[in-house]
Amino acid sequence: MSHLSERPEKPVVGVSLPHESAGLHVTGAALYTDDLVSRTKDVLHAYPVQVMKAHGRITALRTEPALAVPGVVRVLTVADVPGVNDAGMKHDEPLFPDEVMFHGHAVAWVLGETLEAARLGAAAVEVDLDERPSLITLQDAIAAGSFHGARPVMLNGDVDAGFADSAHVFTGEFQFSDQEHFYLETHAALALVDENGQVFVQSSTQHPSETQEIVAHVLGLHSHEVTVQCLRMGGGFGGKEMQPHGFAAVAALGARLTGRPVRVRLNRTQDLTMSGKRHGFHAQWKIGFDADGRIQALDATLTADGGWSLDLSEPVVARAMCHIDNVYWIPHARVAGRIAKTHKVSNTAFRGFGGPQGMLVIEDILGRCAPLLGLDPTELRERNFYRPGQGQTTPYGQPVTQPERISVVWNQVRDDARLADRRREVAAFNAAHAHTKRAIAITGIKFGISFNLTAFNQAGALVLIYKDGSVLINHGGTEMGQGLHTKMLQVAATTLGIPLHKVRLAPTRTDKVPNTSATAASSGADLNGAAVKNACEQLRERLLRVAGTQLGANASDVRIVEGVARVLGHDKELDWDELVRTAYFQRVQLSAAGFYRTEGLHWDAKSFRGSPFKYFSYGAAAAEVEVDGFTGAYRVRRVDIVHDVGDSLSPMIDIGQVEGGFVQGAGWLTLEDLRWDAGEGPNRGRLLTQAASTYKLPSFSEMPEEFNVTLLENATEEGAVYGSKAVGEPPLMLAFCVREALRQAAAAFGPAGVGVELASPATPEAVYWAIEAARAGTAGGGSEVPAEATSLSHA
């Protein structure tokens, strides 16, 4: 067992604990960025001047009417920027644009004594616009050849030979929806400037270091003149990885110019219309199978809707391409990726970061092709699993480690959920009910853990021990409700060998741990946990030497367990608090900076080859659904999940993440239907689903009636902190089973052997059209089918 994964005696990791801020959350005592406004004197409020057109060049911007509004202090425009007028990392996102690129684009910001004064001031600003043509839909952009960013191609094997050897070849298209993050806390920032001109920004951000960097270059400052702190976020899901930077920069710019604190906090409508979503995708594909249903070749083109700027679209597309294989071996593959440029908000990171989109493509292909091959979908999937001992690699050349876990989690779900018995029950139910059908589907996942960009796979920590024996941790990860801080407390207590109550965690700040990576890519616990462990190990080694001297033994014979230092084989002991005091008086350093970098990663973006991931997380899920044949309405009767988190650092936290990720994935696949006005009228480009009243989110009524989640046992991950695995993103893809169950239930209304197409999201309306197509005995399509439906042909 590796040093990093080995657990000591009586570890605090592995114990089920509630979230460290759970009590504060449920009592309303937890502070978020905007809560700090009431604790800050003389705050100015910022309000955006939004232009409600999809595209156009600004020909005039008149701010004088706003300055005449009582309570308006200043209007921020491009003329006020002392540094770089850009809020992105690709230098394609002007903070104050001269060209409107999406409906609701902010072109200036008004500062007011009150939020209402700022709002009235923003309404008074006059903007003249030379309107220009706009591309709203992904299809429009593809037809116009509107693309930006890299266009990678992943090649493996001999695709043409693979198709030549295939007994069955199918082609098709598939377009599926984007998704709104809908975090409970909208984007927020509060900026202050001290007497030395030092800028301090409180921000709801997943990437404080990058927020610091953007604020500094907008203000024309160095990074050491800007400090960013994140107390916690009320949800992030990737939406606060890149997009908070501009809002923080507006607040900081206002504070620098006025000398007063400035608050930016978007209301829900502004957040929905101004911030990016999960990338919607279009896939065009061709797949070949041998006579036994084993995949021989895949040729696909994935097109992401990037919106108006690049943001993180390039790595999102790269990860989608890297995950198109999911749990299936594809010996010959050619996959191309591209990013459509549309006049919509710039799409961004969202839990899974392209992985769900790539995996959805192959799952949709298998779900559609199984009936045409005369195979049960479960059997088709099993036949194509990666197998142990075969030396199989992914299409980008990375060996698949632990492939046996694909079958392990799959078989455990099948056994725990009694799938064979329940399928017989479903068949009997369907035979007895002409207008209501049930179905059970099982799907698996393989998700690579690490950032696409190798440089991001590093983390730092600063751990302080005070004279009274108490411990304070600083690390670079941010807390957005996922329980990262809880795990870091457990890691520190375990490494030092002390009770949990001895350890406290400080807010994430850029002046404590520099150059941090975003809390993203499911790597928060892996990276920051290893850095915290490294810092604590340095401190423990120093203290063991002190303890050895005090106890008359070699340091190597001393163990610190539950706050007491003991010599192996003897009853000599020394209390932790006394040990720390002794170390202080011996002038032993009681602080340590920890660091960790993920080893073994390499990636060539040009050839699209390498091993970009430290390891893979695995999981399997089965869902049973019941569908109404008259309306397409459905309910999820039962879900069973077995998920691989290695040796869990905090089982209660991890089970919560699995449950939450699954439900969010089910929302994306079945409920959440973003709509944009693509007409030629005055509201072209307007987001039509601007509130919870028009954008349906998962709620209690969508939860599975029976929901069973099991963490895979005896699953130590060598080379990861205390043998754990990442948990944040992978569970989202477990929700594929719900969509596949809906497809099978719709198919049950028609004759056998029909490949059913199902739009995504699979809303009741979409399910109804799939039912109608199944009843007609076709593969879908037809004049009545919504535009989202796709085509399938057998070559």
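The rules behind these values
Residues numbered from 1 in each chain as written. Predicted model: local features only at pLDDT ≥ 70, side-chain atom pairs only at ≥ 80, totals over all residues. Heavy atoms only, no water. Helix = DSSP H or I, 4+ residues; strand = E, 2+ residues; numbered from the N terminus. Rg over C-alpha atoms; globule rule 2.2 N^0.38 Å. Buried < 20%, exposed > 50% of the residue type's maximum accessible area, 1.4 Å probe, protein only. Contact = heavy atoms within 4.5 Å. Lys, Arg positive; Asp, Glu negative; His and termini not counted. Charge placed at Lys NZ, Arg CZ, Asp CG, Glu CD. Pairing = 2+ DSSP bridges. Axes fitted to C-alpha atoms, helices over the stretch in contact; angles between N-to-C directions. Right-handed = clockwise from strand over helix to strand, strands pointing away. Core = buried A, V, L, I, M, F, W, Y, C linked by side-chain atoms within 4.5 Å. Salt bridge = Lys/Arg side-chain N within 4 Å of Asp/Glu carboxyl O. Parallel < 35°, antiparallel > 145°, perpendicular 65-115°, else oblique. Left-handed = near helix turned anticlockwise from the far one by under 90°. Nonpolar A, V, L, I, M, F, W, Y, C, P; charged D, E, K, R; others polar. Expected span 1.5 Å × (residues − 1). Arc of directions from axis to C-beta.

Draft legend 1. Inspection of the overall build of the protein chain at higher detail. What the protein chain contains, in helices and strands, is 19 helices and 30 strands. A globule of 795 residues ought to have a C-alpha radius of gyration of about 28 Å, and the protein chain, at 28 Å, matches this closely. Principal-axis analysis of the C-alpha atoms places the extent of the protein chain at approximately 85 × 80 × 50 Å. Burial status across the protein chain gives 61% buried among its 795 residues. Relative to all contacts within the protein chain whose residues are 6 or more apart in sequence, the contacts with residues 24 or more apart total 81%. Between the mean site of the 72 positive side-chain charges and the mean site of the 91 negative ones, the protein chain shows a separation of 2 Å.

Draft legend 2. Unusual backbone geometry, seen in detail. Of note, the bond from Ser 760 into Pro 761 is cis; its omega dihedral lies within 30 degrees of zero at 10 degrees. Even without a glycine there, the phi angle at Phe 353 is positive, about 55 degrees. Mapped onto the fold, Phe 353 is located in the loop between strand E15 (332-341) and helix H10 (355-372). By relative accessible area, Phe 353 is classed as buried at 11%.

Draft legend 3. Quick look at the sheet that holds strand E28 (residues 634-643). Spatially, the 4 strands line up as an open sheet ordered E16-E27-E28-E29, and their pairing is mixed. The strands lining the two open edges of the sheet, one partner per strand, are strand E16 (436-449) and strand E29 (706-711). Sheet twist, expressed as the mean angle between neighbouring strand axes with direction ignored, is 15 degrees. Here 14 bridges tie E16 to strand E27 (residues 615-628), and the two strands are oriented antiparallel to one another. Looking across to E27, one finds that Lys 437 is bridged to Val 627.

Draft legend 4. The arrangement of the pairing of strand E14 (residues 295-307) in detail. E14 sits mainly inside the fold: 11 of its 13 residues count as buried. Both strand E13 (residues 281-289) and E14 contribute to a ladder of 9 bridges, which runs antiparallel. Looking at the pairing, Trp 285 lines up with Ala 300 of E14. Between E13 and E14, which pair antiparallel and follow one another directly, the connecting turn spans 5 residues, one of which, Gly 293, has a positive phi of 85 degrees. Tracing the backbone out of E14, into helix H9 (residues 313-322) and back to the parallel element E15 gives a crossover that is right-handed.

Draft legend 5. Spotlight on the environment of Ala 525. When you line up the elements, Ala 525 lands in helix H15 (residues 524-551). Through-space distance from the C-alpha of Ala 525 to that of Tyr 328 is 28 Å; in sequence the pair is 197 residues apart. Look past the residues within four positions of Ala 525 in its chain and what remains in contact with it is Leu 484, Lys 487, Met 488, Ala 530, Leu 649 and Val 721.

Draft legend 6. View of the nonpolar core. Among the nonpolar cores identified, the biggest contains 112 residues, and Ile 287, Phe 289, Leu 302, Val 627, Ile 641, Phe 662 and Leu 742 are the most heavily contacted of them. Ranked by residue count, the leading element in this core is E27, at 9 residues. Beyond its immediate sequence surroundings of up to four residues, Phe 289 is in contact with Ser 166, Ala 167, His 168, Phe 170, Arg 294, Ile 295, Gln 296, Leu 366, Cys 369, Leu 373 and Leu 380. Grouped together as the second largest cluster of nonpolar side chains are 51 residues, Leu 4, Ala 520, Leu 574 and Trp 576 included.

Draft legend 7. Just the sheet that holds strand E11 (residues 226-230), in detail. Spatial ordering of the open sheet is given by E3-E5-E1-E12-E9-E10-E11-E20, a layout of 8 strands whose pairing is mixed. Two strands lie at the open edges of the sheet, namely strand E3 (72-76) and strand E20 (508-509), each paired on one side alone. In the sheet, strand E1 (residues 44-51) pairs with strand E12 (residues 262-265) via 2 bridges, with the strands oriented parallel. Of the residues in E12, the one forming a bridge with Leu 44 is Val 262. Lying on the sheet, helix H6 (residues 208-219) is in contact with strand E10 (199-203), E11 and E20; it crosses E11 at an angle near 145 degrees. On the sheet, helix H7 (residues 244-258) packs against E1, E3, strand E5 (105-112), strand E9 (188-193), E10 and E12 and is oriented at approximately 30 degrees with respect to E9.

Draft legend 8. Geometry of the pattern of salt bridges. Applying the stated criterion to the full structure yields 56 salt bridges. Salt-bridge contacts for Glu 382 lead to Arg 414; the nearest nitrogen and oxygen are separated by 2.6 Å. Residue Glu 382 is found in helix H11 (residues 377-383), and its partner Arg 414 is found in helix H12 (residues 404-416); the two are separated by 32 residues along the sequence. Put simply, Glu 363, Asp 364, Arg 368, Arg 381, Arg 739, Glu 740 and Arg 743 are held in one network by salt bridges that share partners.

Draft legend 9. Region of interest: the packing of H6 against H7. Running from N to C, H6 and H7 cross one another at 45 degrees; their axes reach a closest spacing of 9 Å. With respect to each other, H6 and H7 are oriented oblique. Judged by the sense of rotation from one axis to the other, the crossing of H6 with H7 is right-handed. Between H6, through Glu 210, Thr 211, Ile 214, Val 215, Val 218 and Leu 219, and H7, the contact on the second element is made entirely by His 245, Ala 248, Ala 249, Ala 252, Leu 253 and Arg 256. Here the contact of H6 with H7 is built from residues that sort into 8 nonpolar, 2 polar and 2 charged.

Draft legend 10. Focus on H9. The element H9 is extensively covered by neighbouring structure, given that 8 of its 10 residues are classed as buried. Of all the residues in H9, the buried ones are Ser 313, Val 316, Val 317, Ala 318, Arg 319, Ala 320, Met 321 and Cys 322.

Draft legend 11. Quick look at the side chain of Asp 290. Mapped onto the elements, Asp 290 comes out in the loop between E13 and E14. Not counting residues up to four positions away in its chain, the partners in contact with Asp 290 are Ala 167, His 168 and Gln 296.

Draft legend 12. Highlighting the environment of Pro 507. Its place among the elements puts Pro 507 in the loop between strand E19 (503-505) and E20. A relative accessible area of 26% means that Pro 507 is categorised as partly exposed. Distance from Pro 507 to Arg 57, taken between C-alpha atoms, is 42 Å for residues 450 residues apart in sequence. Residues in contact with Pro 507, not counting those within four places in the same chain, are Gln 229, Cys 230, Leu 231 and Asn 474.

Draft legend 13. Expanded view of helix H13 (residues 419-432). In this model H13 runs 20 Å from its N-terminal to its C-terminal C-alpha over 14 residues, within 8% of the 20 Å that 1.5 Å per residue would give. Within the sequence span of H13, burial applies to Leu 419, Arg 422, Val 426, Phe 429 and Asn 430. Buried positions in H13, seen along its axis, are confined to an arc of 95 degrees and lie on one side of it. The exposed set on the far side of H13, more than 90 degrees from its buried face, consists of Arg 424, Ala 431 and Ala 432. Where the residues of H13 are buried, they touch H12, E16, E27 and E28.

Draft legend 14. Local environment of the side chain of Lys 502. Inspection of the secondary structure assignment puts Lys 502 in the loop between helix H14 (484-496) and E19. Lys 502 sits in the buried class, given a relative accessible area of 19%. Every residue in contact with Lys 502, bar those within four places of it in the chain, is listed here: Asp 468, Gly 469, Ser 470, Val 471, Trp 576 and Asp 577.

Draft legend 15. Local environment of the packing of H14 against H15. At a closest axis distance of 9 Å, the pairing of H14 and H15 adopts a crossing angle of 30 degrees. Taken together, the axis directions place H14 and H15 in an arrangement best described as roughly parallel. Considering the relative orientation of H14 and H15, their crossing is right-handed. Residues Leu 484, Lys 487, Met 488, Val 491, Ala 492, Thr 495 and Leu 496 of H14 form the contact with H15, whose own contacting residues are Gly 524, Ala 525, Asn 528, Gly 529, Val 532, Lys 533, Cys 536, Glu 537, Leu 539 and Arg 540.

Draft legend 16. Region of interest: the pairing of E27. Extensive coverage of E27 is indicated by the burial of 13 of its 14 residues. Once E27 ends, the chain turns through 5 residues before running back antiparallel as E28, passing Gly 632 with a positive phi of about 80 degrees.

Draft legend 17. Region of interest: the environment of Arg 675. One can find Arg 675 in the loop between helix H17 (651-670) and E29. On the basis of relative accessible area, Arg 675 is assigned to the partly exposed category, the value being 37%. Linking Arg 675 and Met 233, residues 442 residues apart in sequence, is a C-alpha distance of 27 Å. If we ignore the near neighbours within four places in the chain, the residues touching Arg 675 are Arg 686, Leu 687, Leu 688, Thr 689 and Glu 765.

In short, geometric facts, not functional conclusions.
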